Amino acid sequence: MVVVLEKHITPEQKRDLRAYLESKGYQVREIVGQEETIFGAVGIPRVDPREVELLPGVQRVIPISKPYKLASRELKKEDTIVPVGPIKVGGKRIVVIAGPCAVESREQILETARIVRASGAVALRGGAFKPRTSPYSFQGLGEEGLKYLKEAGETFGMPIVTEVVATENVELMQEYVDLFQIGARNMQNFELLKRVGRTGKPVVLKRGLSATIEEWLMAAEYLLAHGTDNVILCERGIRTFETYTRNTLDISAIPVIKKLSHLPILVDPSHATGIREKVPPVALAAIAAGADGLLIEVHPDPSKALSDGAQTLYPEQFEKLMRDIEVLAPVVGKEVAKLPSLEQGRQRGREAEKSSILNSGFRLHSIAVDRPVPHGQVPRIAFQGERGAYSEMATLSYFHFEVETYPQRSFQAVFDAVLEGKVEYGIVPLENSLAGSIHENYDLFLRYPDIKIVGETQLRIIHSLIGLPDATVEGIRKVFSHPQGLAQCARFLDEHPYMEKVPFYDTAGSVAYVAKEGKKEYAAIAHEGAARIYGMKVLKSGIETNPLNYTRFAILARAELEVGEHPNKASIVFSTPDKPGSLFKCMKVLADRNLNMKKLESRPIAGKPWQYMFYVDLELPEDLDIFKEAVAEISTLSEEEVRILGMYRASI
Ligand code: PEP
Ligand code: MN
């Protein structure tokens, strides 16, 4: 049962309540949610829930109707985020775990780790104990394989995932692995589940070959009931009458799991299809359906793989797939998880060893490196607008949600807050795919030379019509929003001519206004997150005329906080003399060095009528010296020295 605690329960009442429930044979888990704190009490029912409801500090008791309790969404409304080494699985991120089916040799796993890391995988997989269908097939290298896997993981700064097939191996493996994998064939090996659960380590639980979703969640329940809170599910295809593919990927399991459970779910397109060329399309489908990530087989040369070669991707195929996932991620409101750069990861390890009391400089540094996992401190981020603004939503998808966000009245106030050290980061929109550049922010960069771009993120703009909880679409007579919001929903508004359009200074601000006015005939157009914040209802979601509506945001920090992730993009600004061919000469410097320009924009220079600055975004090469030389050469051609607004990591 779910015991919802009173907001003002005292520590003594909490302790007594726990002791009471435990004395009745329940296992008790405290779950702190955004809105309420609960005790999840599971076990064989021995008390009448109505009696529990009468105890001091208890607000109400809700029985859990499903046979799986700890795994159920009834127990925990918010998504569980599972930490695996430096990465987090679940929430707004897509994690890609890749590697060979089996560890075959030290060289093979080191080479695979290098390849998959370079393409963007955040964890390394590889079987050391292989549950093969035939006793004559390669069974894995055992402990030797674990050693190689661990070495490869450490060399490339990646957590490692490997399958455990027997209870007697758990103790040995525990020393090596970051994430245990329970394979499809062992999903209902309850002794194994109990033993692995007791380690408390994160576990990825594959769906059995012919397991129903309920049986699968019951298997997860075993792990949770025996001591780990960190279970990740993995759909890998089930047995059907179809034989063309190795298994049949049950794509609908993803939204079903999302409804029934709070646990994250990965998809393994390799075992699901068994055929290499089918892996990328199915992988993309899984992401589109809401999977939290993928588990993919990749080998430096799949034709030589000792197991599952036919379903294993070539490095180039994996690289292409990762690029496609980058493109798809913002469509489903997510961002592809990234690892800190290797040098930074090592540096952090060394510094953490040196002192456990982090000085503030390091703390900021470490936040910047693994932005979703701040160590001991929650980063503060300033954004423009009211709570629930698109900028705030972009912040949450970039930094995950362990951040503190600070609304500001203007873009300039965001720059000021960063400069004055009131916050570690700021976020400002640079460009919308339909409306074009936000020039004010480009101009602010020039006025704040001590602020740099340290990151970039994209958000798909999905507008919702938001009204009071008892409002209806038909009843709305006035719609408030930022003029851009109104313009971008023109078709919806034309189809509902009885709605008068009222321009407002801010999208989220218009939701706050409608909430304050309390009129059922009023609605606002904003991000649906704003509805939650102001206790309002989404009357209709996705009302934007063009769904290909994206905004690109820059993450700002003070120059000295520049992050060390290997950058792949730079933004520079320069001005050219008023002579024929002067811009051409600057562009030629880039062309001669094979530097790919992503954007070119000109802006008038304040105080110098008819003179212009040029803003250029470009892709950075591996060798940053090439870029630095180009900047030096352009400086000789331009009126003043080239300004580098930032060198950062972006999805290019
Ligand atoms: C594997 O991941 O290598 C594996 C054996 O998977 P499954 O248990 O899904 O067959
Ligand atoms: Mn395999």
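The structure contained in this document is the topic of the report that follows. Remember, predicted model here, so these are calculated numbers, not experimental data. (Residues numbered from 1 in each chain as written. Chains lettered and ligands numbered in written order. Predicted model: local features only at pLDDT ≥ 70, side-chain atom pairs only at ≥ 80, totals over all residues. Heavy atoms only, no water.)

The next thing to look at is the nonpolar core. Generally speaking, soluble globular proteins have nonpolar side chains that are buried together. Residues L124, V196, L205, W216, L233, I296 and F318 are the most contacted members of the largest nonpolar core, which totals 94 residues. The element that contributes the greatest number of residues to this core is helix α7 (residues 213–225), accounting for seven residues. Summarising the domain contributions, this core has at least three residues from each of domain 1 (2–62) and domain 2 (95–348). Ranked by size, the runner-up nonpolar core spans 45 residues in total, among them L465, F480, F492 and A557. (Core = buried A, V, L, I, M, F, W, Y, C linked by side-chain atoms within 4.5 Å. Buried < 20%, exposed > 50% of the residue type's maximum accessible area, 1.4 Å probe, protein only. Helix = DSSP H or I, 4+ residues; strand = E, 2+ residues; numbered from the N terminus. Domains from an automatic or database assignment.)

Our focus in this paragraph is the packing of aromatic side chains. Centre distance and the angle of the planes are the two values used to describe a pair of aromatic rings. For the structure shown, the criterion picks out 10 aromatic pairs. Here Y442 and Y615 contribute two aromatic rings whose centre-to-centre distance is 4.8 Å and whose plane-to-plane angle is 75°, an arrangement assigned as edge-to-face. Residue Y442 is located in helix α16 (residues 439–447), and its partner Y615 is located in strand β29 (residues 608–619); the two are separated by 173 residues in the primary sequence. Of the residues examined, Y615 reaches a relative accessible area of 3% and is grouped as buried. Aromatic pair F504 and Y513: ring centres 5.1 Å apart, planes at 40°, arrangement tilted. With a relative accessible area of 18%, F504 lands in the buried category. Here Y513 falls in the partly exposed class, since its relative accessible area comes to 23%. Through pairs of rings, three or more aromatic residues link up here, namely F480, F504, Y505, Y513 and Y522. Across from the ring centre of F39, 5.2 Å away, lies the NZ or CZ of R18, which sits over that ring. (Phe/Tyr/Trp six-rings, centres within 6.5 Å; stacked < 30°, edge-to-face > 60°. Lys NZ or Arg CZ within 6 Å of the ring centre and 35° of its normal.)

Neighbouring ligand 1 are C101, R125, K130, E163, Q181, G183, A184, R185, K206, R236, H271 and E297. Between ligand 1 and K206 there is a distance of 2.7 Å, counted from an oxygen atom to a side-chain nitrogen or oxygen. Between ligand 1 and R236 there is a distance of 2.6 Å, counted from an oxygen atom to a side-chain nitrogen or oxygen. Protein burial of ligand 1: of its 300 Å² of free accessible surface, 97% is covered by the chains. Split into classes, the residues belonging to the shell around ligand 1 amount to two nonpolar, three polar and seven charged. (Near = heavy atom within 4 Å. Polar contact = N/O pair within 3.5 Å; in protein donor to acceptor, adjacent residues only side chain to side chain. Areas by Shrake-Rupley, 256 points an atom, 1.4 Å probe, with all protein chains shown as cover. Nonpolar A, V, L, I, M, F, W, Y, C, P; charged D, E, K, R; others polar.)

With 13 residues, helix α1 (residues 11–23) should reach 18 Å at 1.5 Å per residue; the first-to-last C-alpha distance of 18 Å fits that figure. Count one or two residues on from α1 and you reach G25, which has phi positive near 90°. (Expected span 1.5 Å × (residues − 1).)

Moving on: the packing of helix α21 (residues 582–592) against helix α22 (residues 624–637). In a packed pair of helices, the relevant descriptors are the angle between the two axes and the axis-to-axis distance. Running from N to C, α21 and α22 point in directions that differ by 165°, and their axes come no closer than 10 Å. On the basis of the axis angle, α21 is roughly antiparallel to α22. Both α21 and α22 take part in a crossing whose hand is right-handed. The segment α21 lies against α22, with K585, C586, V589 and L590 engaging A630, E633, I634 and L637. (Axes fitted to C-alpha atoms, helices over the stretch in contact; angles between N-to-C directions. Parallel < 35°, antiparallel > 145°, perpendicular 65-115°, else oblique. Left-handed = near helix turned anticlockwise from the far one by under 90°. Contact = heavy atoms within 4.5 Å.)

The strand order β2-β3-β1-β4 describes an open sheet built from four strands, whose pairing is antiparallel. Each edge of the open sheet is held by one strand with a lone partner, namely β2 (27–32) and β4 (58–62). Direction aside, the axes of adjacent strands within the sheet are offset by 20° on average. In terms of strand pairing, strand β1 (residues 2–5) meets β4 through four bridges, oriented antiparallel. What sits directly across from L5, in β4, is V58. (Pairing = 2+ DSSP bridges.)

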